[in-house]
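If you want the building blocks of each chain, they are given just below.
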Amino acid sequence: MINTFMFAGTDTTSLAMTWILYLLAKYPEVQDRLRTELRSVLPETPIESLTEEEVQSLYSTIAELPYFDNVINETLRLIPPVHSSIRVATQDDAVPTSSPLKRKTDDGTIIEEDVRQITVPKGTFIHVPIEGFQLDKEIWGDTAWHFE
C-alpha cells in the first residue's frame, strides 16, 4: 500500500503537471484566459512579504478559481496519469449495465443479449479502465477526445 501511495504521489503528479503545461502551450487562448484569471487574484504586494494567513487566503482563493479548476479537471480527464486500476471483489455482487450486453461468438458474430447486469463473484479481479471511461463519446459527446 505504501509503495502505491508513494508512486501515486510522485510520478502521477509530475505527469499531470507535464500534460497541463503541454496543453497550455498548445492552446494559447486557454493559457491567456487562465493567466488573466490567476492575475486577477494576485496581491499587490510581493508574495514574500505576505503573512502566513495571507498566503493561506491566497491559496484558498486560487483553489476556488473556476477556470483554473476546469483546466486541471479537463487535463486529468483527457490524459489521466493513472490509465487504469485493478480491484478485487470482496463479496458476490451484480453490477447493472446501462445497455444490453453484447458478446462475440466463436465465428465473430455479435449477439446482443437482453441482460442488464453482470454477476461478479467474490475474488474476481476487475479491470477499471479509467482512461476508457473518460474518453467515452457516449458519456462526453463527439468532442470527448478534445481538450476544451
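This text gives an overview of the structure that appears in the document.

Here is what the cut-offs are and how they apply
Residues numbered from 1 in each chain as written. Predicted model: local features only at pLDDT ≥ 70, side-chain atom pairs only at ≥ 80, totals over all residues. Heavy atoms only, no water. Core = buried A, V, L, I, M, F, W, Y, C linked by side-chain atoms within 4.5 Å. Buried < 20%, exposed > 50% of the residue type's maximum accessible area, 1.4 Å probe, protein only. Contact = heavy atoms within 4.5 Å. Patch = residues over 30% accessible without salt bridge, like charges linked within 9 Å, V, L, I, M, F, W, Y side chains within 5 Å. Areas by Shrake-Rupley, 256 points an atom, 1.4 Å probe, with all protein chains shown as cover. Salt bridge = Lys/Arg side-chain N within 4 Å of Asp/Glu carboxyl O. Helix = DSSP H or I, 4+ residues; strand = E, 2+ residues; numbered from the N terminus. Polar contact = N/O pair within 3.5 Å; in protein donor to acceptor, adjacent residues only side chain to side chain. Expected span 1.5 Å × (residues − 1). Arc of directions from axis to C-beta. Axes fitted to C-alpha atoms, helices over the stretch in contact; angles between N-to-C directions. Parallel < 35°, antiparallel > 145°, perpendicular 65-115°, else oblique. Left-handed = near helix turned anticlockwise from the far one by under 90°. Nonpolar A, V, L, I, M, F, W, Y, C, P; charged D, E, K, R; others polar. 1 Å grid on protein atoms, 1.4 Å probe; cavity = no way out; pocket = protein on both sides within 12 Å on 5 of 7 lines; lining within 4 Å. Points joined across faces, edges and corners; volume = space filled by probe spheres on them. Phe/Tyr/Trp six-rings, centres within 6.5 Å; stacked < 30°, edge-to-face > 60°. Lys NZ or Arg CZ within 6 Å of the ring centre and 35° of its normal.

## Considerations on the nonpolar core
Judged by nonpolar contacts, Ile20, Leu23, Leu24, Val30, Leu34, Tyr67, Val71, Leu78, Ile79, Leu135 and Phe147 together constitute the single largest core of eleven residues. In contact with Val30, other than residues within four places in its own chain, are Leu24, Tyr67, Val71 and Phe147.

## Some words on a nonpolar patch on the surface
Where nonpolar side chains cluster on the molecular surface, the patch consists of Leu15, Trp19 and Tyr22 and spans about 280 Å² of accessible area. Position of Trp19 relative to the elements: it lies in helix H1 (residues 2-26).

## With respect to the side chain of Ser85
Looking at where Ser85 falls in the secondary structure, it is placed in strand E1 (residues 85-88). Residue classification places Ser85 among the buried positions, given a relative accessible area of 16%. Within polar-contact distance, the side chain of Ser85 engages the side chain of Arg87 at 2.7 Å.

## Some remarks on the side chain of Glu74
Locating Glu74 in the fold gives a position in helix H4 (residues 66-78). Given a relative accessible area of 13%, Glu74 falls into the buried group. Sequence-distant contacts of Glu74, that is, excluding residues within four places in its chain, are made with His146, Phe147 and Glu148.

## What to know about H4
Here H4 is 13 residues long and its end C-alpha atoms lie 18 Å apart, about the 18 Å a rise of 1.5 Å per residue gives. Buried residues of H4: Tyr67, Val71, Glu74, Thr75, Arg77 and Leu78, and no others. What you see down the axis of H4 is that its buried residues fit within an arc of 160°, all on one side.

## Regarding the packing of helix H2 (residues 28-39) against H4
At a minimum axis separation of 8 Å, H2 and H4 run at an interaxial angle of 140°. In terms of axis orientation, H2 runs oblique to H4. Crossing hand, H2 versus H4: left-handed. Two secondary-structure elements touch here, H2 through Val30, Arg33, Leu34, Glu37 and Leu38 and H4 through Pro66, Tyr67, Phe68 and Val71. The residue makeup of the contact of H2 with H4, split by class, is seven nonpolar, no polar and two charged.

## Section: the layout of surface pockets
The rolling of a water-molecule-sized probe over the atoms marks out the regions of remaining empty space. Its boundaries defined by the atoms lining it, the largest pocket holds a volume of some 400 Å³. Lining the largest pocket are 15 residues, with Pro96, Thr97, Ser98, Ile118 and Phe133 positioned closest to its centre. Looking at the lining of the largest pocket, the elements that each hand over two or more residues are strand E2 (93-96), strand E3 (101-104), strand E5 (117-120) and helix H6 (137-140). The residue inventory of the lining of the largest pocket, partitioned by class, reads nine nonpolar, three polar and three charged.

## Some details on the packing of aromatic side chains
With the rule as written, the count across this model stands at two aromatic pairs. Pairing Tyr27 with Phe147 gives two aromatic rings, centres 5.3 Å apart and planes at 40°, and the pair type is tilted. On the criterion of sequence distance, the pair formed by Tyr27 in the loop between H1 and H2 and Phe147 in the segment after H6 is long-range, its members being 120 residues apart. Residue class for Tyr27 comes out partly exposed when judged on its relative accessible area of 23%. Phe147 sits in the buried class, given a relative accessible area of 8%. Just above the ring of Trp140 sits the side chain of Arg77; from NZ or CZ to the centre is 5.0 Å.

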